[in-house]
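Analysis of the macromolecular model
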Amino acid sequence: MTDPRRAGGPLLVIALAAVALAVLDVSGQSFWQGLVINLAIFTILTVSLNLTSGFTGVFSLGHIGFMALGAYVSAILTLPLQEKASYLPNLPSWIAGVHLDQRIGPLPIGFLAATVIAALLVSVVAWVVGRVLMRLSGHFVAVATLGFLVIVRVVLFNADAFTRGSRTFSNVTPYTNLWWSWLWVLVVVYVVWRIKRSAYGRDMFVQRDDRVAAQAVGIRVMEPRLLAFVVGAFFAAVAGSLYAHFITSFSPTVFYFDLTFRVITMLVIGGMGSVSGSVLGAVAIVGLTEALRRVEDATLLYGLSQIVLAVIFIVVITVRREGLLGQREVPLDRLFERFRRRPIPSPDQSP
């Protein structure tokens, strides 16, 4: 990134995206705004799951559990005091008086603080869980992470004082908008992209391809796996906070197999190991799901979208297991490659 021409491609994409968001924001098209916010949340989930599973080979089925925890923690923190007293009357005193609903001008600084606090708390949970689960491999870790998802679901159903149990948790302030959601997309894409090109990222891919050989030459296994698990959980919690303050009403039933399957489909189609592939996978599945939803409404064939996604998933893992991009990235840094100055040969050099 020391060469301005290499940074030109990513900066151009960011600028075009900002212009598109600004146009959509002033258009007042609430449906398309909601769809683009939804796409941002799924992009964060897919990229963070790619870090956890695609980079390390530790296939996690419990990623949505971290999203659920982030959604509930941030929603509790941002509830105003009056609503918290009436809506959650049995909250312990140490959290009943906390209300992060402050603003500095138009900026909801309390929402940002609640999102970061929720993500940090979820990261601590991920570190504790990961110290045990990251020692496993193959189908063992998949089953273990699925057990974690079930545990989170049971806790949410039974922690009635915090979550209202099976009842809908509502009255959440709708802080999430186009700018908040896509700013977090920019953060997660940049962080995961940097990790991929770091020493930890190289360790992740090496131990994923051959764990025994990596250990034999002294490459770490536990540390990069745990790092990926914790950072992935952090951003999953961020996605949960954005989701909670976008949909404003939710229950524990939302954070389960349907959402897990959809995010895994996005990851597999885009390519496990590719950051830009995760973005493309999220765009493809969100767009396809919306198109199939319209077909369902027209033909009354409800459930068609789930069937089509399942068929696509089976076809991809059978025919093209690496997905759209595999481990490759979209070369945005080479967008202006042809404008680089070529060295002019000296007269002493032969043509």
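Whatever comes next refers back to the structure up there.
Read on for a plain summary of the structure. All residue numbers refer to positions counted from 1 along the written sequence of the respective chain. Residues qualify for local features only when their pLDDT is at least 70, as the model is predicted, and side-chain atom pairs are given and counted only at 80 or more; totals for whole chains, interfaces and linings, by contrast, use all residues. Water and hydrogen atoms play no part in the side-chain values, which are based on all heavy atoms of the structure.

**Looking at the layout of surface pockets**
Any residue with an atom within 4 Å of a point lines the site, the site being either a cavity, points on a 1 Å grid over the protein atoms alone where a 1.4 Å probe fits but cannot get out, or a pocket, an open set with protein on both sides within 12 Å along at least 5 of 7 lines. Grid points are joined across faces, edges and corners, and a volume is the space filled by probe spheres set on the points. Estimates place the volume of the largest pocket at around 1300 Å³. Along the walls of the largest pocket sit 32 residues, with Val 13, Ile 14, Leu 186, Val 189 and Leu 332 positioned nearest its centre. Looking at the lining of the largest pocket, the elements that each hand over two or more residues are α1 (4-27), α2 (30-54), α9 (178-196) and α14 (275-299). Counting residues per element, the lining of the largest pocket draws most heavily on α1, which supplies nine residues. Here the residues of the lining of the largest pocket sort into 25 nonpolar, two polar and five charged. When its volume is computed, the second largest pocket comes out at roughly 450 Å³. Think of it this way: any DSSP run of H or I at least four residues long counts as a helix, any run of E at least two long counts as a strand, and we number them from the N terminus. With six residues, the top contributor of residues to the lining of the second largest pocket is α14. Of the residues that constitute the lining of the second largest pocket, the class distribution is twelve nonpolar, six polar and five charged. When residues are grouped by polarity, Ala, Val, Leu, Ile, Met, Phe, Trp, Tyr, Cys and Pro land in nonpolar, Asp, Glu, Lys and Arg in charged, and all others, Gly among them, in polar.

**Quick look at the side chain of Thr 163**
On the secondary structure map, Thr 163 appears in helix α8 (residues 160-163). Beyond its immediate sequence surroundings of up to four residues, Thr 163 is in contact with Tyr 72, Leu 156 and Phe 169. Note on contacts: a residue pair is in contact if any heavy atoms of the two residues lie within 4.5 Å.

**Here's the deal with unusual backbone geometry**
The residue Asn 171 is not glycine, and still its phi comes out positive at about 65 degrees. Tracing the sequence through the fold places Asn 171 in the loop between α8 and α9.

**As for the packing of α2 against α9**
The packing of two helices is summarised by the inter-axis angle and the distance between the axes. Between α2 and α9, the shortest axis-to-axis distance is 9 Å and the interhelical angle comes to 20 degrees. Classed by the angle they form, the pair α2 and α9 counts as roughly parallel. Viewed along their axes, α2 and α9 form a crossing whose handedness is left-handed. In this structure, α2 contributes Gln 33, Val 36, Ile 37, Leu 39, Ala 40, Thr 43, Ile 44, Val 47 and Leu 51 to the contact, and α9 contributes Leu 178, Ser 181, Trp 182, Trp 184, Val 185, Val 188, Val 189, Val 192 and Ile 195. Looking at the contact of α2 with α9 residue by residue, the classes come out as 15 nonpolar, three polar and no charged. Throughout, an axis means a line fitted to C-alpha atoms (over the contacting stretch in the case of helices), and angles, computed between N-to-C directions, take values from 0 to 180 degrees. The cut-offs work like this: below 35 degrees is roughly parallel, past 145 is roughly antiparallel, 65 to 115 is roughly perpendicular, and the gaps in between are oblique. Rotating anticlockwise by less than a right angle from the far helix to the near helix defines a left-handed crossing, while the corresponding clockwise rotation defines a right-handed one.

**Some points on the pattern of salt bridges**
Pairing of side chains with opposite charge becomes possible as their charged atoms draw close. The salt bridge criterion pairs a side-chain nitrogen of Lys or Arg with a carboxyl oxygen of Asp or Glu, the two atoms within 4 Å. A complete count under the given rule lists seven salt bridges for this structure. Salt-bridge contacts for Asp 160 lead to Arg 167; the nearest nitrogen and oxygen are separated by 3.3 Å. What makes Asp 160 partly exposed here is its relative accessible area of 36%. Residue burial is assigned from relative accessible area. The probe radius is 1.4 Å, only protein chains are included, and a residue is buried under 20% of its type maximum, exposed over 50%, and partly exposed in between. Assessed through its relative accessible area of 42%, Arg 167 is described here as partly exposed. Among the charged side chains, a network of salt bridges with common partners joins Glu 290, Arg 293, Arg 294 and Asp 297.

**Overview of helix α7 (residues 139-158)**
Compared with an ideal rise of 1.5 Å per residue, which puts 20 residues at 28 Å, α7 spans 29 Å between its outermost C-alpha atoms and is within 8% of the ideal. Along α7, the positions that sit buried rather than exposed are Val 141, Ala 142, Thr 145, Phe 148, Leu 149, Val 152 and Leu 156. Axial view of α7: buried residues confined to an arc of 115 degrees, hence all on one face. Of the exposed residues in α7, the ones pointing more than 90 degrees away from its buried face are His 139, Phe 140, Val 143, Ile 151 and Asn 158. How far a helix is expected to stretch is found by multiplying one less than its residue total by 1.5 Å. Picture the helix axis, draw a direction to every C-beta atom, and the arc is the one those directions span.

**What about the packing of helix α13 (residues 257-270) against helix α15 (residues 304-319)?**
For the pair α13 and α15, interaxial distance at closest approach is 10 Å and the crossing angle is 40 degrees. Put simply, α13 runs oblique to α15. The element α13 and its partner α15 pack so that their crossing is left-handed. Here α13 contributes Asp 258, Phe 261, Arg 262, Ile 264, Thr 265, Val 268 and Ile 269 to the contact with α15, which in turn contributes Gln 306, Leu 309, Ala 310, Ile 312, Phe 313, Val 316 and Ile 317. Looking at the contact of α13 with α15, its residues break down into ten nonpolar, two polar and two charged.

**As for the side chain of Thr 265**
By the element assignment, Thr 265 lies in helix α13. Judged by relative accessible area, Thr 265 falls into the buried class, the value being 0%. If we ignore the near neighbours within four places in the chain, the residues touching Thr 265 are Ile 285, Leu 309 and Phe 313.

**A closer look at the packing of aromatic side chains**
In this scheme Phe, Tyr and Trp rings, the latter by its six-membered ring, pair at centre separations within 6.5 Å, and the angle between planes marks the pair as stacked below 30 degrees, edge-to-face above 60, and tilted otherwise. Evaluated as defined, the whole model comprises 17 aromatic pairs. Ring centres of Phe 111 and Tyr 175 lie 5.3 Å apart, and the angle between their planes is 20 degrees; on these two criteria the pair is classed as stacked. You can see Phe 111 sitting in helix α6 (residues 109-133) and its partner Tyr 175 sitting in the loop between α8 and α9, a full 64 residues away along the chain. On the basis of relative accessibility, which here comes to 1%, the residue Phe 111 falls in the buried class. Three or more aromatic residues link up through ring pairs in this structure, and these residues are Tyr 72, Tyr 87, Phe 169, Tyr 243, Phe 250 and Phe 255.

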